[in-house]
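# Results of the structural survey
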Amino acid sequence: MTTPLWLTEEAWLQVLLGWFLDRLDTPRSLAVTRRMKQSTVPALFQFEEDTHYRWGLIERLASDYQVFSIHYQKGLDSFQVPYDNAQLRLNPQCEDLLRDWLNRPRQDPVTAAWQDAVSVHAGYFRDNGSALLVVKPSAPGYTPAELVRAFAAIPEHLAQELTLREISARCFHGDSKFLDQRRDLLTQLFGKATDNIRPRPLLLTAWAPARFAQLLIVENQDSFLQLVAQPPAGYALLYSGGFRASASRLSSAHTRFAFLPGSDSTHFQQLWLNEHLPTYFWGDLDFSGIGILKSLKNSLPQLQAWQPGYQPMLHLLESGQGHIAEQASKTGQIDPVVCGCTYSDHTLLPALRKARRFIDQEAIRPGLIDAP
């Protein structure tokens, strides 16, 4: 509805209506009311002005627009104006009308809480906290004020050569993983100061016999340990721990290895990431497992699927065995489409799409695998 012309001309009336909207913007259980007194609405008691006209506008808001109901004070003296100490009770159904007239859209209470919290700590952030207002990170048990206060505590730790998880634990009630997926947010908030965050080493477990000539990366722990107990000749073994080894830091100087007894760690370190070292991956026969292979190839371009491990799994799949996605909480897996490994792209992935079932690598006894 178009704002009445007389409202645009009466600043005092806009202030009065704005007061009602201010109360609606705050949590409350009682009706919003206002007493007409000189201390609350002085414009109605400036008798050198046309106060009769001004009160008439109030009455019009009540009668024509049902914005208020008016409750007059009884027992007034003859010298008092009829509206002295009258009470205006706001009709809550007219909130949208008032907001439209005054151009005061509803304020999301969560947004308001974030704005208030950021304004208190804006000086701690390079962007005055703008990134927090955009992202509004959430976590159970935290209020916006508590979260902003925790983020504002981060700068004092940025010069101490700590890892991201150490900083997270010190600022977010001991939760070391809170900042894991929020590195970009920290860069927006603190700029180049985040360069001081110490990269967290990638720790991988390896078994490397003397004079090994091939490397096999194994997805799951049980299969890895069984292969260590009955190793295929000429292979070194590396436990990837699911997607951990596919991290971008796999080929960085921050990768660390824990070698099992009997390993030739020196020979392993000499051959690690050598593009001429035949390197294979064996994991679950599902989209996620092939996705790990695809991701690992970013650091190990020569990587191929390990056919001696996948072939018996493929036989099980093609004989009608395996589990459907819903049986193993795998409904969120995404088909990698193509991963750059000929055996995976032309044999394993088409079989998975056709069978619509999966096989975990623990279904195969490594001791029965005939590895070349």
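Please read all numbers here as calculations on a predicted model, not as lab measurements. (Residues numbered from 1 in each chain as written. Predicted model: local features only at pLDDT ≥ 70, side-chain atom pairs only at ≥ 80, totals over all residues. Heavy atoms only, no water.)

Another point: the sheet that holds strand 8 (residues 279-282). An order of 7-4-6-5-8-9 is seen for the six strands of this open sheet, with the pairing classed as mixed. At either end of the open sheet lies a strand with only one pairing partner, and these are strand 7 (255-259) and strand 9 (304-305). Examined bridge by bridge, strand 5 (residues 214-218) and strand 6 (residues 235-239) share five bridges and lie parallel to one another. The residue bridging Leu215 from the neighbouring strand is Ala236, located in strand 6. Helix-sheet contacts for helix 10 (residues 221-229) involve strand 4 (202-207), strand 5, strand 6 and strand 8, and the interaxial angle to strand 6 is about 155 degrees. The strands touched by helix 13 (residues 307-318) are strand 8 and strand 9; relative to strand 8, the strand with the most contacts, the crossing angle is about 30 degrees. (Pairing = 2+ DSSP bridges. Helix = DSSP H or I, 4+ residues; strand = E, 2+ residues; numbered from the N terminus. Contact = heavy atoms within 4.5 Å. Axes fitted to C-alpha atoms, helices over the stretch in contact; angles between N-to-C directions.)

Two elements in contact, helix 2 (residues 11-24) and helix 4 (residues 95-102), have axes separated by 10 Å at closest approach and are oriented at 125 degrees. Regarding the angle of helix 2 to helix 4, the classification is oblique. Helix 2 and helix 4 meet at a crossing whose hand is left-handed. In this structure, helix 2 contributes Gln14, Leu17, Gly18, Leu21 and Leu24 to the contact, and helix 4 contributes Glu95, Leu98, Arg99, Trp101 and Leu102. (Parallel < 35°, antiparallel > 145°, perpendicular 65-115°, else oblique. Left-handed = near helix turned anticlockwise from the far one by under 90°.)

Moving on, we come to the confidence of the model for the protein chain. Chain-level statistics for the protein chain give a pLDDT mean of 90 and a share of 96% at 70 or above. Mean pLDDT in the protein chain bottoms out at helix 5 (residues 109-121), which sits at 89, and peaks at strand 9, which reaches 97. (pLDDT = per-residue confidence, 0-100.)

Now for the sheet that holds strand 3 (residues 87-90). Spatial strand order, 1-3-2: three strands in an open sheet with antiparallel pairing. Looking at strand neighbours, the two that pair on one side only are strand 1 (33-35) and strand 2 (68-71), the edges of this open sheet. Each strand of the sheet is rotated relative to its neighbour by a mean of 20 degrees, with strand direction disregarded. Here strand 2 pairs with strand 3 via four bridges, running antiparallel. In the sheet register, Ser69 faces strand 3, and the bridge partner there is Arg89. Here helix 2 sits on the sheet in contact with strand 1, strand 2 and strand 3, set at roughly 140 degrees to strand 1.

Once that is clear, we can look at the nonpolar core. General note: in soluble globular proteins, nonpolar side chains tend to be found buried as a group. Within the largest apolar cluster, 52 residues are counted, with the highest numbers of intra-cluster contacts made by Phe268, Trp282 and Tyr310. Formed by 34 residues, the second largest nonpolar core is a distinct cluster that contains Leu17, Leu57, Ala62 and Ile70. (Core = buried A, V, L, I, M, F, W, Y, C linked by side-chain atoms within 4.5 Å. Buried < 20%, exposed > 50% of the residue type's maximum accessible area, 1.4 Å probe, protein only.)

Here we come to unusual backbone geometry. A positive phi is found at Asn103, a non-glycine position, where the angle reads about 55 degrees. Summarising the element assignment, Asn103 is placed in the loop between helix 4 and helix 5. Located in the positive-phi region is Arg211, a residue other than glycine, with phi close to 60 degrees. Its place among the elements puts Arg211 in the loop between strand 4 and strand 5. Residue Arg211 is classed as exposed on the basis of its relative accessible area, which comes to 73%.

Looking now at the packing of aromatic side chains. Taken as a whole and judged by the stated rule, the model has 25 aromatic pairs. Ring geometry for Phe259 and Phe268: centres 5.4 Å apart, planes at 80 degrees, overall edge-to-face. If you follow Arg182 out to its NZ or CZ, it ends over the ring of Phe178, 4.2 Å from the centre. (Phe/Tyr/Trp six-rings, centres within 6.5 Å; stacked < 30°, edge-to-face > 60°. Lys NZ or Arg CZ within 6 Å of the ring centre and 35° of its normal.)

A few words on the side chain of Thr163. You can see Thr163 is positioned in the loop between helix 7 (144-152) and helix 8 (164-171). In this structure Thr163 touches Ile197, Arg198, Pro199 and Arg200, once residues within four positions along its chain are discounted.

Leu185, Leu186, Leu189 and Phe190 are the residues of helix 9 (residues 183-190) that are buried. Within helix 9, the buried residues cover an arc of 110 degrees as seen down the axis, which keeps them to one side. Next to the buried residues of helix 9 lie helix 6 (130-135), helix 7 and helix 8. Following helix 9 by one or two positions, Gly191 has its phi on the positive side, about 60 degrees. (Arc of directions from axis to C-beta.)

With that out of the way, let us pick up the pairing of strand 5. When you tally the buried positions in strand 5, you get five out of five residues, the bulk of the element. Taking every second residue as pointing to the same face, both faces of strand 5 are buried, with Gln214, Leu216 and Val218 on one and Leu215 and Ile217 on the other. For the segment spanning strand 5, helix 10 and strand 6, crossover handedness is right-handed. Pairing analysis gives four bridges linking strand 5 to strand 8, with the strands arranged parallel. Its bridge partner lying in strand 8, Leu216 is registered against Tyr280. (Right-handed = clockwise from strand over helix to strand, strands pointing away.)

Tallied over the entire structure, the rule returns eleven salt bridges. Close ionic contact of Arg106 with Asp96 constitutes a salt bridge, the shortest N to O distance being 2.7 Å. Note that Arg106 is positioned in the loop between helix 4 and helix 5 and Asp96 in helix 4, a separation of ten residues in sequence. Given the relative accessible area of 51%, Arg106 is considered exposed. Here Glu166 makes a salt bridge to Arg198, at a shortest N to O gap of 3.4 Å. Of the two residues, Glu166 is situated in helix 8 and Arg198 in the loop between helix 9 and strand 4; the sequence distance between them amounts to 32 residues. (Salt bridge = Lys/Arg side-chain N within 4 Å of Asp/Glu carboxyl O.)

What follows is about the state of the cysteines. Within the structure shown, the criterion is met by zero disulfides. Cysteine Cys339 is unpaired, with the sulfur of Cys341 as its nearest cysteine sulfur at 5.1 Å. In this structure Cys339 comes out as buried when scored by relative accessible area, which is 7%. (Disulfide = S-S within 2.5 Å.)

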